[in-house]
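Structural features, examined
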Amino acid sequence: MVKINEIKVNLGNRSYPIYIGNDLFSSFEKLVEGFSNYSGLVVVTDNQVKKLINEKIFSLKKRCDKSVSIICLPPGENSKSFKYFEFLCEKILEKKIDRKTLLVCIGGGVIGDLVGLTASVLLRGVDFVQMPTTLLSQVDSSVGGKTAINSKFGKNLIGTFYQPKSVLISLNILKSLPYRQIICGYAEILKYSLISDNNFFLWLKKNGHKIITLEKTSLIHAIKKSCEIKSKIVSKDEKETGIREILNFGHTFGHAIESQTGFSKKILHGEAVFLGMFLAIKFSAFLSFGNEKMIENYEDHMKDLKIPFRLSDYNLRFTAKEFIKHLRFDKKVKNSKLKFILLEQYGKTLSYILYNEKLLIKFLEKNLE
Ligand SMILES: NC(=O)c1ccc[n+]([C@@H]2O[C@H](COP(=O)([O-])OP(=O)(O)OC[C@H]3O[C@@H](n4cnc5c(N)ncnc54)[C@H](O)[C@@H]3O)[C@@H](O)[C@H]2O)c1
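1. Concerning the sheet that holds strand S9 (residues 166-170)
Reading across from one edge, S1-S2-S9-S6-S5-S3-S4 is the order of the seven strands in this open sheet, with mixed pairing throughout. Only two strands of the sheet have a single partner each, and these edge strands are strand S1 (5-9) and strand S4 (67-73). Across the sheet, the axes of successive neighbouring strands diverge by a mean angle of 20 degrees, strand direction being ignored. Relative to S9, strand S2 (residues 16-21) is paired through four bridges, and the arrangement is parallel. Residue pairing for S9: tyrosine 19 is matched across the bridge by leucine 168. In the packing of helix H4 (residues 109-121) onto the sheet, the strands contacted are strand S3 (40-46), S4, strand S5 (101-107) and strand S6 (127-132), and the crossing angle to S5 comes to about 165 degrees.

Below you can see the structure in the form of structure tokens.
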């Protein structure tokens, strides 16, 4: 029996709990605060996840005396669009909802971001609960209240900050998750250790393989630790005006790689983050903030887990000039200066604004391997 773990995201009257357990679908009505006050539930999921949760929703319907309807969207990033945002709003409104309707979002980060945005604007705001079903969404996107859809000008450019009422993380649901997606979640777990907790990194060095093979005890520890780190940061800086930016560690370089490959399946977000973190660590050492030992440690861990971490592992080749062009697409570029989250040591970040682009060119010419 896996006991239910609880973490709190402290945001004053927008605070909420994150529960982590084996199968939280079966205790949904007990875990969602004020469940009896909701007039009805609208579950939003994607076609792939629906197959996994059909019976659980059916059982919830039987257990509670409320209307429970389900809306399905196509899986994949394309659903984070104006088209599906409109589709979803109209579908939900068709169900004659009121302000006491609870939206329940069951899926990965795509469904989470879209439903979060919808909840924040529908009837000027209805409550929603996150039930993340990918490792990445469990440790990252379901926590912190960033919602978004994409624009033709870039990813996540249209969105709100809107916190869920609770986050319910079930481990069982991960059994069907493809290995590539598990690895993507691990990228974010590793990121938390590198930016804020060297002991967690040392623990991951020993136990990383247990996480990517979904061994329950280690998985719970890693998810809990990751959610604790993220919720602590979000509690200090909900709207990313300061410290929350450290969560972008590895993402600026990673985003350039995703942008260069057209955000295609050639390299998934988490996979690009592994490459991005490696470049960020090397850039830290290149600028003499960090050291060579950090690079070695990272390489060893990647090799140990057989995780690709170099551009050549994906047969990708960029010139420094091309790479910088894609770095500039990142929306975090302010006043045309590039900004990087770097490491002084594992667990200690620094925010670096690049004033001398020649340095970056010199670095990239040697390190885009
Ligand atoms: N809001 C935030 O703070 C935040 C943070 C990080 C990422 N994101 C966003 O999250 C999105 C990526 O999320 P993701 O990686 O979860 O991708 P995703 O939501 O596209 O899910 C990946 C695939 O896995 C399938 N899937 C989901 N759960 C499954 C399960 N249990 N078993 C089998 N298949 C399953 C989905 O149908 C989908 O095809 C991106 O749009 C990104 O921008 C948001």
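2. Quick notes on empty space enclosed by the protein
Across all of its chains, the model carries four cavities of 30 Å³ or more by this definition. As a volume, the largest cavity reaches approximately 50 Å³. Around the largest cavity sit Phe25, Phe28, Leu41, Val43, Lys56, Ile57, Leu60, Val104, Ile106 and Met131, which together line it. Only S3, helix H2 (47-63) and S5 provide two or more residues apiece to the lining of the largest cavity. In terms of residue count, H2 provides more of the lining of the largest cavity than any other element does, three residues in total. Of the pockets and cavities examined, the second largest cavity occupies roughly 40 Å³. Lining the second largest cavity, in full, are Leu275, Phe278, Leu279, Phe309, Arg310, Leu311, Asn367 and Glu369.

3. Quick word on the layout of surface pockets
Space left empty within the atom packing is revealed by a probe, the size of a water molecule, rolled over the atoms. Approximately 390 Å³ is the volume attributed to the second largest pocket. Along the wall of the second largest pocket there are 23 residues; nearest its centre are Asn13, Ser15, Tyr16, Pro164 and Lys165. Of all the secondary structure elements, the ones that give two or more residues to the lining of the second largest pocket are S1, S2 and S6. A total of three residues in the lining of the second largest pocket trace back to one element, the largest contributor, which is S2. Class assignment for the residues of the lining of the second largest pocket results in 10 nonpolar, five polar and eight charged.

4. Some remarks on unusual backbone geometry
Positive phi values are uncommon outside glycine, yet asparagine 156 reaches one of about 60 degrees. The topology assignment puts asparagine 156 in strand S8 (residues 154-158). Here the phi dihedral of serine 288 falls at roughly 65 degrees; this positive angle occurs in a residue that is not glycine.

5. A closer look at the site of the ligand
If you check the shell around the ligand, you find 24 residues, and the closest are Asp46, Glu77, Thr133, Thr134 and Ser176. In this structure, aspartate 46 approaches the ligand through a side-chain N or O atom, which is 2.7 Å from an oxygen atom. Within the contact set of the ligand, an oxygen atom lies 3.3 Å away from a side-chain nitrogen or oxygen of asparagine 156. For the ligand, whose free accessible area comes to 870 Å², the fraction covered by protein is 88%.

6. Let's talk about the pattern of salt bridges
Inspection of every chain in the model, using the stated rule, returns 19 salt bridges. One salt bridge connects glutamate 188 with lysine 191, and the closest N-O pair in it is separated by 3.0 Å. With glutamate 188 and lysine 191 both in helix H6 (residues 179-196) and three residues apart, this pair spans about one turn of that helix. Summarising the burial analysis for this pair, glutamate 188 and lysine 191 share the class buried. Measuring nitrogen to oxygen at the nearest pair gives 3.1 Å for the salt bridge that ties aspartate 197 to lysine 225. With aspartate 197 in the loop between H6 and helix H7 (198-212) and lysine 225 in helix H8 (residues 216-236), this pair connects stretches of sequence that are 28 residues apart. Classification of lysine 225 as partly exposed rests on a relative accessible area of 22%. In the salt-bridge network here, residues are joined through shared partners; they are Glu77, Lys80, Asp113 and Lys155.

Basis of the calculations
All residue numbers here refer to positions counted from 1 along the written sequence of the relevant chain. Local features in this predicted model are restricted to residues of pLDDT 70 or higher, and side-chain atom pairs are both shown and tallied only at a pLDDT of 80 or more, whereas totals for entire chains, interfaces and linings draw on every residue. To obtain the side-chain values, all non-hydrogen atoms of the structure were included, while hydrogens and water were left out. Any two strands between which DSSP finds at least two bridges are classified as paired. We count a stretch as a helix when DSSP gives it H or I for four or more residues in a row; a strand needs E for two or more, and each element gets its number in order from the N terminus. Only the stretch in contact is used when fitting a helix axis, every axis being a line fitted to C-alpha atoms; angles between N-to-C directions are given from 0 to 180 degrees. Residue contacts are counted whenever heavy atoms from the two residues lie within 4.5 Å of one another. Within this scheme a cavity is a closed region of a 1 Å grid, computed over the protein atoms alone, that accommodates a 1.4 Å probe without allowing it to escape, whereas a pocket is open but has protein on both sides within 12 Å along at least five of seven lines; lining residues each have an atom within 4 Å of a point. Grid points are joined across faces, edges and corners, and a volume is the space filled by probe spheres set on the points. Residue polarity is assigned by list, with Asp, Glu, Lys and Arg as charged and Ala, Val, Leu, Ile, Met, Phe, Trp, Tyr, Cys and Pro as nonpolar; anything else, Gly included, falls into the polar class. Any residue with a heavy atom positioned within 4 Å of a molecule or strand is treated as near that molecule or strand. Any pair of nitrogen or oxygen atoms within 3.5 Å is treated as a polar contact; in protein, a donor-acceptor pairing is required on top of that, and neighbouring residues in sequence qualify only through side-chain atoms on both sides. Accessible areas in this description were obtained via Shrake-Rupley with a 1.4 Å probe; residue shielding takes into account the shown protein chains only. Salt bridge, as used here: a side-chain nitrogen of Lys or Arg that lies within 4 Å of a carboxyl oxygen of Asp or Glu. Here the term buried applies to any residue with accessible area under 20% of the maximum for its type, exposed to any over 50%, and partly exposed to those in between, with areas from a 1.4 Å probe on protein chains only.

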